[in-house]
Amino acid sequence: MGRFATGARRSGWIGRLRRRWPPWYILLAVLGFLSLVIVASNRQSPYSGVFTAQARIDALYARQSSTLTQAMSRYSLRNNRAPPPMYSEWYKFARAHSCLIDEYDQISRDFEPFYQLAQDDPAYFKKMVEAGSVKVKKDGNGMKTGVFAGGKFSFTDEQGTLYTSDWPQTFARFESFMPNMSLILNGRDEPRVIFNYRQPDMRLKALNVSDPTPFELSPHPTAAFYKEIQCLIPNRASGFTELANDASAFMLYSSSTQFTTDLYPILSMTKISPCFADILVPSEFYYSDSYWVPRYAYPNNITWTDKTPKLYWRGMSSGGWVYDDNYHAFPRFRVVDIGRNHTDLMDVALSSFHDSLCGEHCDGDAVKAEYNIYGASAPREEVYKYKYSLTSTATRSRGATLASCAAARSSSSTVFAEYFNDWLRPYEHYIPVLPDLSDLVEKLEWATTHDAEAHAIQQAGQAFSERVLTDAQNDCYFSAVFLEWARLQAMADEAL
Ligand SMILES: *[C@@H]1O[C@H](CO)[C@@H](O)[C@H](O)[C@H]1NC(C)=O
Ligand SMILES: *[C@@H]1O[C@H](CO)[C@@H](O)[C@H](O)[C@H]1NC(C)=O
Ligand SMILES: *[C@@H]1O[C@H](CO)[C@@H](O)[C@H](O)[C@H]1NC(C)=O
Ligand SMILES: *[C@@H]1O[C@H](CO)[C@@H](O)[C@H](O)[C@H]1NC(C)=O
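No experiment lies behind these values; they were computed from the predicted model shown. Numbering of residues starts from 1 in each chain and follows the order in which that chain's sequence is written. Labels are handed out in written order, letters beginning with A for the chains and numbers beginning with 1 for the ligands. In view of the model being predicted, local features appear only for residues whose pLDDT reaches at least 70, and side-chain atom pairs are presented and counted only at 80 or more, with totals across whole chains, interfaces and linings using the full set of residues. With hydrogens and water stripped out, all remaining heavy atoms of the structure feed into the side-chain values.

Colleague: I keep staring at the site of ligand 1 and nothing clicks. Help me out?
Modeller: We define proximity as follows: a residue is near a molecule or strand when any one of its heavy atoms falls within 4 Å of that partner. The environment of ligand 1 is made up of Ala-149, Gly-150 and Asn-180. Exposure was quantified through the Shrake-Rupley algorithm and a 1.4 Å probe, taking into account, for residues, occlusion by the shown protein chains and nothing else. For ligand 1, whose free accessible area comes to 360 Å², the fraction covered by protein is 23%.

The structure is reproduced here in structure tokens:
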């Protein structure tokens, strides 16, 4: 057995890591893909892009259902089933908080396998929650259980996670209309449920629960494992393609694992579809008052025209476990390699080395020397001086966007799903970059030679982030997920 084979060992390591590093780095570490962000100017811009961006968002809200009847009929049309119990209360809440009403196809997709299985066994969902809860209450493994009972949320175990103090505060804002249910919350920003329901015969496999040690599977390195289970990431969405598995730190050697191969319902912040079947919810990271949101010392006060037309990026050497020379393929290292050849377009550097991700087959000093990693960190506000930045998740770009920077991200959005993936559009809100970064220089050249276009994308990303990706929208999403969860769980009792 390898050194990562046991859950206890991993939990300890994760605990140590999380105490040591600010968690937005961990999120970046986990996702491993990078994307291009255009850094914004202030909002009083002479460009027309900002008006277009606002008008598009106005149009988005204008096409949402405006009555409960309309919302219910659209729900039925999109889901082929009636809305769940307490939907009318959810609708009131969503209207009162200016949330989107109809745009929750991600929730439909995440729950669809469970609704299908309920036709075979109405008690399936509840049994899986109960079995998963037993495991989590005993071992934790980065997860936590809780209940809504009589309109109050409470935890039902003592397990520690990153978000133990955040979740109850969030849920309190809508607990009054939550049906009774028991939840399993994944506190790690990595998915846990390796179950590709797109593969043949998986419906039968789901019913035949067979993982003897759920949430313990920790392959290492992970590269061969993902290929063996056919968890394959294409580098391009169309045409001839090649795999991007070997261009992803997460795929090469995931920094945290502990997977299950059965279809447990687990609430997670991110996943790769369709290899992972976790149910997506917002990360506490997305709340503006969260401890985890990157803080800027002062607002972005540099106008677009005064910014340097270069890509600026600083980050740590995270992404996955360094093992032999696999780090050369990690996007964070590759972006530095690319930057060395394109100093006219890029100002990029690794600011620190992640010793916690350097174990066997890793010579930390050699890596530091090769990439000039001296631990010198620049103030976060430095990013204001540049037009473009890189991000690995929209989370990160949201943090930047709220500080008046704007989003343009990579096709990582098609790889790592987050709950708002359907809403952000490439070329409108961000500039996509291939997972292997082979088009990064071309994309930067385009941006520098099409300044008004790039600025318009920046403004659209910023406007979207400020107006749509709000705290209230996170609450609306969470509560919409919980209503589906509660209905599936109640099906066991209704079938009796
Ligand atoms: C929900 O839980 C509360 C508290 O345990 C209980 O009093 C109530 O009867 C439950 N409601 C339903 C519909 O089961
Ligand atoms: C259920 O799973 C076990 C273990 O993987 C396997 O041996 C068995 O054949 C499966 N049964 C069915 C009906 O698929
Ligand atoms: C932006 O604000 C900071 C902090 O108040 C200040 O030090 C800096 O000079 C300002 N920059 C510009 C361009 O106004
Ligand atoms: C940088 O340029 C050198 C010399 O042309 C080339 O060998 C190397 O592959 C380039 N590196 C990257 C990452 O493009």
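Colleague: What exactly am I supposed to notice about the environment of Phe-416 here?
Modeller: Counting through the fold element by element, Phe-416 comes out in strand β11 (residues 416-417). Considered as a pair, Phe-416 and Ser-273 are 143 residues apart in the sequence and their alpha carbons are 7.3 Å apart. Only DSSP runs of H or I reaching four residues or more are called helices, and only runs of E reaching two or more are called strands; each is numbered from the N terminus.

Colleague: Just to check I follow, could you spell out the nonpolar core for this structure?
Modeller: What tends to happen in soluble globular proteins is that the nonpolar side chains get buried as a cluster. Only buried Ala, Val, Leu, Ile, Met, Phe, Trp, Tyr and Cys residues count toward a nonpolar core, and they belong to the same one when joined by side-chain atoms within 4.5 Å. Throughout, exposure labels follow a simple rule: accessible area from a 1.4 Å probe, protein chains only, divided by the maximum for the residue type, with under 20% read as buried, over 50% as exposed, and the rest as partly exposed. If you look at the biggest cluster of nonpolar residues, it comprises 80 residues, and the most contacted ones within it are Trp-90, Phe-111, Trp-423 and Phe-482. Looking at this core element by element, the count peaks at twelve residues for helix α18 (residues 471-494). Each of domain 1 (62-106) and domain 2 (107-496) accounts for three or more of the residues forming this core. Residue contacts follow a heavy-atom distance rule, with two residues in contact if any of their heavy atoms lie within 4.5 Å. Filtering out sequence-adjacent residues up to four positions away, Trp-423 remains in contact with Leu-100, Glu-103, Tyr-104, His-429, Phe-464, Val-468, Leu-469, Gln-473 and Tyr-477. Counting residues in hydrophobic clusters, the runner-up holds 31 residues, among them Leu-252, Phe-330, Met-346 and Cys-358. Each domain span listed reflects an automatic or database assignment of domains.

Colleague: Teacher, can you tell me more about the site of ligand 4 here?
Modeller: As a structural note, the neighbourhood of ligand 4 is formed by Asp-337, Ile-338 and Asn-341. Pairing of N or O atoms within 3.5 Å defines a polar contact, subject to two protein rules: one partner must be a possible hydrogen donor and the other a possible acceptor, and residues neighboring in sequence count only if both atoms are side-chain atoms. Between ligand 4 and the protein, one listed contact pairs an oxygen atom with a side-chain N or O atom of Asn-341 at 2.2 Å. Against a free-state accessible area of 360 Å², the protein chains account for coverage of 28% of ligand 4.

Colleague: Sorry, what's going on with the packing of aromatic side chains here?
Modeller: The description of two aromatic rings rests on the distance between their centres and on the angle between their planes. By convention, a stacked pair of Phe, Tyr or Trp rings (six-membered ring in the case of Trp) has centres within 6.5 Å and planes under 30 degrees apart, an edge-to-face pair has planes over 60 apart, and any other such pair is tilted. In the structure shown here, the tally under the stated rule is 44 aromatic pairs. What links up through ring pairs into an aromatic cluster is the set Tyr-75, Tyr-87, Trp-90, Tyr-104, Tyr-286, Tyr-419, Phe-420, Trp-423 and Tyr-477. Criterion for a charge above a ring: Lys NZ or Arg CZ within 6 Å of the ring centre, and within 35 degrees of the ring normal. Residue placement shows Lys-144 over the ring face of Phe-155; its charged tip is 4.5 Å from the ring centre. Sitting over the ring of Tyr-296, Arg-380 keeps its end group 5.9 Å from the ring centre.

Colleague: I'm lost on α18 in this one. Help?
Modeller: Over its 24 residues, α18 runs 35 Å from end to end, which matches the ideal 34 Å to within 8%, given 1.5 Å per residue. Of all the 24 residues making up α18, 20 are buried; the element is thus mostly covered by neighbouring parts of the structure. Working rule for helices: expected span equals 1.5 Å times residues minus one.

Colleague: Any chance you could explain empty space enclosed by the protein here in plain terms?
Modeller: Over the atoms rolls a probe the size of a water molecule, and in doing so it shows where empty space is left. Site definitions follow a grid-based scheme: protein atoms alone, a 1 Å grid, a 1.4 Å probe that fits but cannot get out for cavities, and for pockets an open set with protein on both sides within 12 Å along at least five of seven lines, plus lining residues having an atom within 4 Å of a point. Grid points are joined across faces, edges and corners, and a volume is the space filled by probe spheres set on the points. Counted by the stated rule, this structure contains seven cavities of 30 Å³ or more. Taken as a whole, the largest cavity encloses approximately 210 Å³ of empty space. Every residue lining the largest cavity is counted, 20 residues in all, and those nearest its centre are Tyr-75, Asn-79, Tyr-87, Tyr-104 and Glu-484. At the level of elements, α4 (68-79), α5 (87-96), α6 (105-120) and α18 are the ones that each hand at least two residues to the lining of the largest cavity. Both domains that meet at the lining of the largest cavity, namely domain 1 (62-106) and domain 2 (107-496), each give it at least three residues.

Colleague: Is there a simple way to explain the packing of helix α16 (residues 440-449) against helix α17 (residues 451-467) in this structure?
Modeller: How two helices pack is summed up by the angle between their axes together with the distance between the axes. Their axes nearest at 5 Å, the elements α16 and α17 cross at an angle of 105°. Looking at the two axes, α16 sits roughly perpendicular to α17. Two secondary-structure elements touch here, α16 through Trp-446, Ala-447 and Thr-449 and α17 through Asp-451, Glu-453, Ala-454 and Ile-457. The nonpolar class holds Ala, Val, Leu, Ile, Met, Phe, Trp, Tyr, Cys and Pro. Asp, Glu, Lys and Arg form the charged class, and all remaining residues, Gly among them, are polar. Of the residues assigned to the contact of α16 with α17, the class counts are four nonpolar, one polar and two charged. Convention adopted: a line fitted to C-alpha atoms gives each axis, helices being fitted over their contacting stretch, and angles between N-to-C directions are expressed from 0 to 180 degrees. Angle categories: roughly parallel below 35 degrees, roughly antiparallel above 145, roughly perpendicular from 65 to 115, and oblique for all the rest.

Colleague: Sorry, what's going on with the state of the cysteines here?
Modeller: A disulfide bridge is the covalent bond that connects two cysteines by way of their sulfur atoms. Two cysteine sulfur atoms form a disulfide, by the criterion used here, when they sit within 2.5 Å. Summed over the entire model, instances satisfying the criterion amount to three disulfides. Disulfide partner of Cys-99: Cys-476, at an S-S distance of 2.0 Å. Across the S-S bond of Cys-99 and Cys-476 the torsion is about 75°, and the bridge reads as right-handed. In this pair, Cys-99 sits in the loop between α5 and α6 while Cys-476 sits in helix α18, placing the two residues 377 residues apart along the sequence. By the burial criterion, Cys-99 is buried, and Cys-476 matches it. At a sulfur-sulfur separation of 1.9 Å, the disulfide partner of Cys-358 is Cys-362. Between Cys-358 and Cys-362 the disulfide shows an S-S torsion of about -100°. By sign, it is left-handed. Taking the relative accessible area as the measure of exposure, Cys-358 reaches 19% and is therefore buried. Relative accessible area serves as the criterion here: at 17%, Cys-362 is assigned to the buried category.

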